[in-house]
Amino acid sequence: MTSSLLSVRGLKVVVGGRHILHGVDLDVAPVGVTALLGRNGAGKTTTVRGILGLVPRTGSVIYDGLETNGLTTHRIVQRGIGYVPEDRGIFASLTVAENLRLAERDPDPAYDLVHELFPELRQRARQAAGTLSGGQQQMVAIGRTLLNRSNRLVIADEPTKGLAPRVVTEVAVALERAAQAVPILLVEQNLALVRRLADHCAVLADGRTAHAGPAAELLADADKSRTLLGVGRRADTAPAPVAPAAPATGGDH
Amino acid sequence: MNVPALLRPLRRWWPALALVVLVLLPYSALSLPGLLDGPIGSPGSLQLLALCLVFGALATGYDLLLGRTGLLSFGHALYFAAGTYATDLLLTQTGLGFWPSAALGLLAGVVLAALLGSVSLRMTGIGFAMVTLAFAQAGSILVERDPGGVTGGEEGLAATGLPGWLVGIQHTANLYWIALAYLVVTLAAVQWAVRSPIGRVWEGIRENERRVEVLGLRPYGFKLVAFVLAGTLAALGGVVYLLLTGGATPQATTSDFTLSLLVMVVLGGSGSRWGPLVGGVLYTWAQHRLASLAGSGTIAGLPSVLRVPLSQPLFLLGVLFVVIVYALPGGVAGLPARLRGRGAQA
Amino acid sequence: MSTVVLLSVTGLGLGALYFLVASGLSLIFGLMDVLNFAHGALLSIGAYATWWAASHSFGYPLALLFGTAVGTLASVALELGLIRPLYRRPREQVLATVGVGLAVPALLSAIWGADARTFPVPASLGGTFTLLGATVPVDRLVLIGAALVVLLALKAFLGRTRHGLVVRAGVEDRAMVTALGIDVRRAFTLVFAIGGAAAALAGGLAGLYFGSVDPTQGSSLLIFGFVVVVMGGLGSVSGAAVACVVVGLVQQFANYYSTAGLGDLSVVVLLAALLLVRPSGLTGRLA
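Calculation criteria
- Residues numbered from 1 in each chain as written.
- Chains lettered and ligands numbered in written order.
- Predicted model: local features only at pLDDT ≥ 70, side-chain atom pairs only at ≥ 80, totals over all residues.
- Heavy atoms only, no water.
- UniProt positions renumbered as here; feature names shortened; annotations may be inferred.
- Core = buried A, V, L, I, M, F, W, Y, C linked by side-chain atoms within 4.5 Å.
- Buried < 20%, exposed > 50% of the residue type's maximum accessible area, 1.4 Å probe, protein only.
- Helix = DSSP H or I, 4+ residues; strand = E, 2+ residues; numbered from the N terminus.
- Contact = heavy atoms within 4.5 Å.
- Buried area = accessible area lost by both parts, 1.4 Å probe.
- Salt bridge = Lys/Arg side-chain N within 4 Å of Asp/Glu carboxyl O.
- Polar contact = N/O pair within 3.5 Å; in protein donor to acceptor, adjacent residues only side chain to side chain.

Per an unreviewed UniProt entry, the recorded name for chain B is Branched-chain amino acid transport system permease protein, and the organism is Streptacidiphilus jiangxiensis. One UniProt comment on chain B, placed under Subcellular location (unreviewed entry), says "Cell membrane".

The name given to chain A in an unreviewed UniProt entry is Branched-chain amino acid transport system ATP-binding protein, and the organism recorded there is Streptacidiphilus jiangxiensis. Under Sequence similarities (unreviewed entry), UniProt gives the following word-for-word description of chain A: "Belongs to the ABC transporter superfamily."

This is the structure we're talking about:
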């Protein structure tokens, strides 16, 4: 895949003497959503943090044709990456408006888009972000990445984790909308959401890439997705907490 | 090829061998020009050697906190000073004999360490460092301001009522042996504690305190044990120091004193068995040599750019310390491994 | 009554010195996890530079400006030269500042002697004025005024500028700031510059307050700076402002109404009591 926007080869991360990643290979297509899947502890979050240079890593991470190994995190991000971390990375003592202002990199930030998707953020602009609900905090975190039109990749680490179903829908709509303009690397446990959004997927197991290919193909294969993702029938057949999509994207296939 | 095989028993037995040599040193008339002013067995040299041993032991005890448990205490001087001043006060004020005074002085250090440790350890990380510093400062102020006129204030307090065999220049060898005994006790206590089950928990706390908590252990109690043990060893060192210098000085209560222990530990190599000892010995020796060098004619003849900074041992030691932090992260004790590593790479 | 007024103003003046030391310490620690043991050295550098300039007929305001500038430069040099190369090794950073904290006072006493040097107090600031029946030295007011100006300036900087926003965010979560594409190391240099400036200003003002400068002034003020930082909550400028008033007043009153030296002691007892009740300090921010 030479046409990848982001190409990861043999990514290894050692934290406190323990190998977390043994060699992850990952390609993010220049359009659409690429899902990064795997059981808990497979190394998904560490992969994302490794890509961003937030943990010391070895191996090759080529973003937009440039090897980022050896670059500091802010230099990598400045090349046009928006990041929604697992814990949302909200600054609790700062107001909503300050949280957003901190993320501004473009001369003309897209506040119109952010406020259209999340009107609540406009009303709560002066509220300390630490007093927001989990869902509202996630809106701030996603809003931060949408603010910069110059972003050419958004990395979202479990953006729907721990959210109420209604909010999950809202987040899904926002991600769907964002995916029209910018490719997304989505770490996600919610397979219904993956099915709805993702075009491609990669599966990690024990710090290695265990599978890569079209998302629909993997999810259609019950045996394969069970062995790779550890999701039994229960999780897969449970009613998906995602409401039918607004009349938006052209679907998965 | 045969030399390493011959050296193998030496590697195992060298601490015992070194101890025998150290015990016999007062009988030596050997001169080490440059290293010591007089022959090894002369009172001046023995006094300096004894000081080196005491500070080597103090640094070893301090590393129980810094290197073994990962606690950065800036108040270690307090427990040392508690041993010195409590013993000295009992000697001069109550007329108790030396041994009861020393035992009570040691007890004072233990109680103080338990009391203040239990408060300080409510903070973690740098907060802990600041609180221990504040407590030690309080002790230092108390000694210097001298309420009630018992501590002697800035003058210090000369010890009285010491047994005859511990006083006077002709008995320096006895003091030297006491210092050596204190070092052996400290090394044994630290080694024993580090190898005990508690020591393994300390190691866990140093690596990752959270993980220890996850295992269902409360780090607080284990840290307190380390703090009290280190404080006890420091107080014992304070008693030995009192004998060695014949009195208590307020300098021993200051934060600079703790910082110098920190410098010794880092200089020698924190968390290693012999590193703090080596660092303590080197630092003490260098400080005395530099001080006598500063007072000598060699430096007076230099141009002022060199003469002025060289006249201050603390300046040189401070700079040396920064250099060590940068260039030699494992301290002197880490040097052989670093050299081997470089050789293997080449 | 007049005694109470005099003690209060003097306590507030001393608190002002503590605030100037503690605000920088607190910001540096909050942002970088570095306990800056060289902060007392920066204060001493400011004190000696101010003293040197004032002795060379600069006039006190200009001398103070000169001393502050020298201290700021020294602080920036410290960050760029010693702290930055040890990035991601906070313990080594602290150790490096310990080394500097030992070496600088030694160097100062090597150059200007270990004894205190008389500070040339200008006549306009050496006088007294009457407040509620008490005769109060003017220099106390200068100290309090300077601390208030610095407090307001810091508040404005933190609350209204983008750099201030980066600093506040960095105190909370440094890694996330870099993950937004911001070079947080520039904020490091900035807080060192601010902290160094405040400490050096404190040094110049301490010369005025004590009437002399000596190489150990910095380290003794630094310790009360630490107490204020812990009491106020690590990383909080407002907390430091409240704590310095408490510490300054308690110290003065206790020193006057009991034996000298007990005031210093009672401050530490107060700290211990506070930690027993609230381990995170006055503002509740955890270490």
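Draft legend 1. Local environment of the nonpolar core. Residues Phe-74 and Leu-262 of chain B together with Phe-19 of chain C are the most contacted members of the largest nonpolar core, which totals 224 residues. Of the residues forming this core, the biggest block, 16 residues, is contributed by helix α2 (residues 43-69) of chain B. When residues no more than four places from it in sequence are discounted, the contact partners of Phe-74 of chain B are Ala-129, Thr-132, Leu-133, Ala-136, Thr-258, Leu-259 and Leu-262 of chain B together with Leu-35, Phe-37, Val-94 and Val-98 of chain C. In terms of nonpolar packing, the next biggest core, distinct from the first, is built from 45 residues, Val-140, Leu-146, Leu-175 and Ile-184 of chain A among them.

Draft legend 2. Region of the structure containing the interface of chain C and chain A. Every contact between the two is made by 19 residues of chain C and, on the other side, 23 residues of chain A. Summing the contributions of chain C and of chain A, the shared interface buries around 1800 Å²; its carbon and sulfur component is 59%. Taken together, chain C and chain A are joined by one salt bridge. Of the charged contacts in the structure, one is a salt bridge between Glu-98 of chain A and Arg-168 of chain C, with a shortest N-O distance of 2.7 Å. Counting across the chain C and chain A interface gives seven residue pairs in polar contact (both at pLDDT 80 or more). Elements that contribute at least two residues to the side of chain C that touches chain A include exactly α7 (162-172) and α8 (174-179) of chain C. Here the side of chain C that touches chain A gets six residues from one element, more than from any other, and that element is α7 of chain C.

Draft legend 3. How the structure looks around the pattern of salt bridges. Residues and elements named next belong to chain A. Under the criterion given, the structure shown has 16 salt bridges over all chains. In this structure, Lys-161 and Glu-86 form a salt bridge, with 3.2 Å as the shortest nitrogen-oxygen distance. Placement of the pair is Lys-161 in the loop between β7 (153-157) and α7 (165-181) and Glu-86 in the loop between β6 (81-84) and α3 (96-103), with a sequence separation of 75 residues. On the basis of relative accessibility, which here comes to 43%, the residue Lys-161 falls in the partly exposed class. Residue Glu-86 is classed as partly exposed on the basis of its relative accessible area, which comes to 30%. Among the ionic pairs, Glu-116 bridges to Arg-177, the shortest N-O distance being 3.0 Å. In this pair, Glu-116 sits in helix α4 (residues 111-117) while Arg-177 sits in helix α7, placing the two residues 61 residues apart along the sequence. Judged by its relative accessible area of 33%, Arg-177 is partly exposed. Ionic contacts of the salt-bridge type, sharing partners, join the residues Asp-108, Asp-112 and Arg-149 into one network.

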